[in-house]
Amino acid sequence: MNICNKVTSVIFCAVIAGLTAASMLNPVRERSETENRDLAQMPTFSLESLFKGDFTTDYETFITDQFVARDAWIAVKTYAELALGKRDSNNVYFADDGYYIEKFTPDETQVDTNIAYVAEFLSHVKDKYNTRVMIAPTSSLVLADKLPANAPNWDQNGMLDRLASLGNFVDTRDILLEHKDEYIYYRTDHHWTTQGAYYAYLELAESLGFEPLAPEELVETVLSEEFLGTTIAKLGISANEDTMVKLESKNQPTVSLDYNMGLKQTDTLYDESKLDTRDKYGYFLGGNDPIIDITTSIDNGKTLLMVKDSYAHCMIPLLVNHYERIILIDLRHFNAGVETYIEMLEADGAKIDDVVVLYNASGFADDRYLVKLRK
C-alpha cells in the first residue's frame, strides 16, 4: 500500500472513530424540534430481543436518530443530491412550484388490514349512527402533475376506490382536483391547508346533511407567514415559508374543551404558543391528544364523534358551528377501543348522532392502531 493510500485510510478511520465517539458522548435527545417527532431511545436489551433481531434493529434506529450533528449531515446529503441532479432525497420529491412532496410506498398487507378494520367497524355502527369515512388524498395524488417526470407514485386511487366500495364514504378527490391550482396543500408540510380542509368540509356537510358555512360567512385570519413543515425538515435545507391561516364563522360559537378526561380544560381551539415554535400546525387544538371533548354554544343537541388524525384539526373551527358537542379520538394515543368508549359515553347519557373517521391517505395506509376501531 503506497503512502497516499495509507494516509487516506488513517484519515477515514480517524473520522469514523471520531464520529462514533462523539455520538456516544452526545446527550441522548428525546425529540427533534426540526422534524417535529420523537427520536428513538436506547432499546432495552434482552436475550430474547437479541435472538429475534429486534434489539439490533431498534439499536440501529437509535444510532441513526442520535447521530451527532444529524441535522447538518441531512442537509449536506440533500445539497449533494441536488448538485447531482437528483429530484428526490430522503423520500421527498423536489416538485414544481416550490413544493416538497413526500414519496410514500405503503405496506399493502397493512392497507388490506386497515380496510378490513374499517369494513368491520362500519358493519357494526353505520346503522346505529350517521356514519361516514373520509380518507383525504394527499398532495402526491392531487398535485401529481407537479412531481418529477416518471416519478414513482403509489396508487392512492386504488385504495380510495376500495374504501368507497364499502359505502358511507365521503370522496373528496373531485373537489380537491377541481381546486388543485389553488393553495390547498402546504409546500413544505404533509397537511392540507385550511383552504383545502374547507373544500373537504363542504363535501362532508353535504354527506351528513347540514348546511355548510358559505365563504361570505367566514373570516380568514393569517396566523403565520413563516411556516416550515415536517416535509422540508426531512431535507434539512432552506425553503420558502408557507402561510398558515384559520377560517372561522363571523358568529363563531364559544367553546369549552376537556382534554383526556379531565387532565386539562381550555376555552379555545387554539394554542397561541405553538406559533413561536417549529410545530406551528400544532396551533390547532394544541397538537395530538387521545381524547378532546368539545362543548359549544350551539344549542341543537347534536353530537359528533370523530376518529381522526391531524388532518382534521384545521377543520374543527368550522365543524363547531354545527354541533353542540364534538368528541375527537386519536387512536395513536388512545388506550381503549372506540366501540367500548361509545358504549361508555352512552351509558353516561350521551347521544351520538354522527360518527366520522377522518384520516389522510398515507396516514391511513400506514396506521397500526386502527384495530382499536373494533375493540
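Residues numbered from 1 in each chain as written. Predicted model: local features only at pLDDT ≥ 70, side-chain atom pairs only at ≥ 80, totals over all residues. Heavy atoms only, no water.

K.L.:
Any chance you could explain the overall build of the chain here in plain terms?
P.N.:
Of regular secondary structure, the chain possesses 13 helices and 14 strands. Each of the 375 residues in the chain was classed as buried or not, and the buried ones make up 48%. Counting contacts in the chain only where the partners sit at least 6 residues apart, residues at least 24 apart contribute 69% of the total. Counting every atom, the chain has about 18,100 Å² of accessible surface; 52% of that belongs to carbon and sulfur. (Helix = DSSP H or I, 4+ residues; strand = E, 2+ residues; numbered from the N terminus. Buried < 20%, exposed > 50% of the residue type's maximum accessible area, 1.4 Å probe, protein only. Contact = heavy atoms within 4.5 Å. Areas by Shrake-Rupley, 256 points an atom, 1.4 Å probe, with all protein chains shown as cover.)

K.L.:
Would you mind showing me how to read the sheet that holds strand E4 (residues 92-94) here?
P.N.:
Backbone hydrogen bonds hold the strands of a sheet together, and the pairing may be parallel or antiparallel. In spatial order, the strands read E3-E4-E5; together these three strands make up an open sheet with antiparallel pairing. Only two strands of the sheet have a single neighbouring strand rather than two, namely strand E3 (88-89) and strand E5 (100-102). Summarising the sheet, E3 and E4 pair through two bridges and their orientation is antiparallel. Across the sheet, residue Asp88 finds its bridge partner in E4, namely Tyr93. (Pairing = 2+ DSSP bridges.)

K.L.:
Even after reading the chapter, I still don't get the pattern of salt bridges, so can you show me in this structure?
P.N.:
Pairing between side chains becomes possible if they bear opposite charge and their charged atoms approach one another. Counted under the stated rule, the structure contains 18 salt bridges. With a closest N to O distance of 3.9 Å, Asp96 and Arg87 form a salt bridge. Using a relative accessible area of 37% as the deciding quantity, one classes Arg87 as partly exposed. Across the pair Glu339 and Arg374 runs a salt bridge, and its minimum N-O distance is 2.4 Å. Of the two residues, Glu339 is situated in helix H12 (residues 338-347) and Arg374 in the segment after helix H13 (361-366); the sequence distance between them amounts to 35 residues. Relative accessible area serves as the criterion here: at 21%, Arg374 is assigned to the partly exposed category. A network of salt bridges, in which partner residues are shared, links Glu120, Glu339 and Arg374. (Salt bridge = Lys/Arg side-chain N within 4 Å of Asp/Glu carboxyl O.)

K.L.:
Sorry if this is basic, but what is going on with the sheet that holds strand E9 (residues 255-259) here?
P.N.:
The seven strands lie next to each other as E6-E14-E12-E13-E11-E9-E10, forming an open sheet whose pairing is mixed. Unpaired on one side and paired on the other, strand E6 (130-136) and strand E10 (264-266) mark the two borders of the sheet. The average undirected angle you get between the axes of adjacent strands in this sheet is 15°. Note: strand E12 (residues 303-308) against strand E14 (residues 354-360), five bridges, orientation parallel. Its bridge partner lying in E14, Met306 is registered against Val356. Its contacts with the sheet place H12 against strand E11 (291-296), E12 and strand E13 (325-329), and it is angled at close to 160° to E12. (Axes fitted to C-alpha atoms, helices over the stretch in contact; angles between N-to-C directions.)

K.L.:
Got a minute to help me understand H12 in this structure?
P.N.:
Given 3.6 residues per helical turn, the α-helix brings residues three or four places apart onto the same face. Three or more residues of H12 are buried, namely Val338, Glu339, Tyr341, Ile342 and Leu345. Down the axis of H12, the buried side of the element spans an arc of 160°, and every buried residue falls inside it. Every exposed residue of H12 that faces more than 90 degrees away from the buried side is listed here: Glu343 and Ala347. Where H12 is buried, its residues meet helix H5 (108-125), E11, E12 and E13. Count one or two residues on from H12 and you reach Gly349, which has phi positive near 105°. (Arc of directions from axis to C-beta.)

K.L.:
Teacher, can you tell me more about the packing of aromatic side chains here?
P.N.:
For any two aromatic rings, the description comes down to two numbers: the centre-to-centre distance and the angle of the planes. What the rule picks out here adds up to 15 aromatic pairs. Ring geometry for Tyr183 versus Tyr186: centroids 6.3 Å apart, planes at 85°, classification edge-to-face. Assessed through its relative accessible area of 26%, Tyr183 is described here as partly exposed. Both rings, one in Tyr198 and one in Tyr199, keep their centres 6.0 Å apart while their planes meet at 55°; by these two values the pair is tilted. An identical accessibility class is assigned to Tyr198 and Tyr199; each is buried. Three or more aromatic residues link up through ring pairs in this structure, and these residues are Tyr198, Tyr199, Tyr201, Phe210 and Tyr323. Over the aromatic face of Tyr259 sits the side chain of Lys264, whose NZ or CZ is 4.2 Å from the ring centroid. (Phe/Tyr/Trp six-rings, centres within 6.5 Å; stacked < 30°, edge-to-face > 60°. Lys NZ or Arg CZ within 6 Å of the ring centre and 35° of its normal.)

K.L.:
Would you mind showing me how to read unusual backbone geometry here?
P.N.:
Phi is mostly negative for residues that are not glycine, and the peptide bonds are mostly trans. Its identity as a non-glycine residue notwithstanding, Asn91 has a phi of 65°, on the positive side. Mapping Asn91 onto the fold places it in the loop between E3 and E4. The partly exposed category is assigned to Asn91, whose relative accessible area is 46%.

K.L.:
Mind showing me how you'd approach H5 here?
P.N.:
Between its terminal C-alpha atoms H5 stretches 26 Å, which fits the 26 Å expected from 18 residues at 1.5 Å a residue. The elements touched by buried residues of H5 are E6, helix H7 (156-164), H12, E14 and H13. Its side-chain oxygen 3.0 Å from the backbone nitrogen of Thr109, Asp107 forms the N-cap of H5. (Expected span 1.5 Å × (residues − 1). Polar contact = N/O pair within 3.5 Å; in protein donor to acceptor, adjacent residues only side chain to side chain.)

K.L.:
Explain the environment of Lys246 to me, please; I cannot follow it from the model alone.
P.N.:
When you line up the elements, Lys246 lands in strand E8 (residues 242-249). Expressed as a C-alpha distance, the spacing of Lys246 and Phe284, which sit 38 residues apart in the sequence, is 8.8 Å. There is a polar contact of 3.0 Å between the side chain of Lys246 and the side chain of Tyr283.

K.L.:
Explain the nonpolar core to me, please; I cannot follow it from the model alone.
P.N.:
Among the nonpolar cores identified, the biggest contains 96 residues, and Ile135, Met159, Trp192, Ile294, Leu305, Met315 and Leu319 are the most heavily contacted of them. Broken down by element, the residue count for this core peaks at eight residues, all from helix H9 (residues 194-208). Once you skip the residues sitting within four places of it in the chain, Ile294 turns out to touch Val255, Ser256, Leu257, Leu269, Ile316, Val320, Glu324, Arg325, Ile326 and Leu328. Counting seven residues, the second-largest nonpolar core is a separate cluster that includes Tyr100, Ile232, Ile237 and Ala239. (Core = buried A, V, L, I, M, F, W, Y, C linked by side-chain atoms within 4.5 Å.)

Honestly, that's just the spatial picture; any functional story needs more than this.
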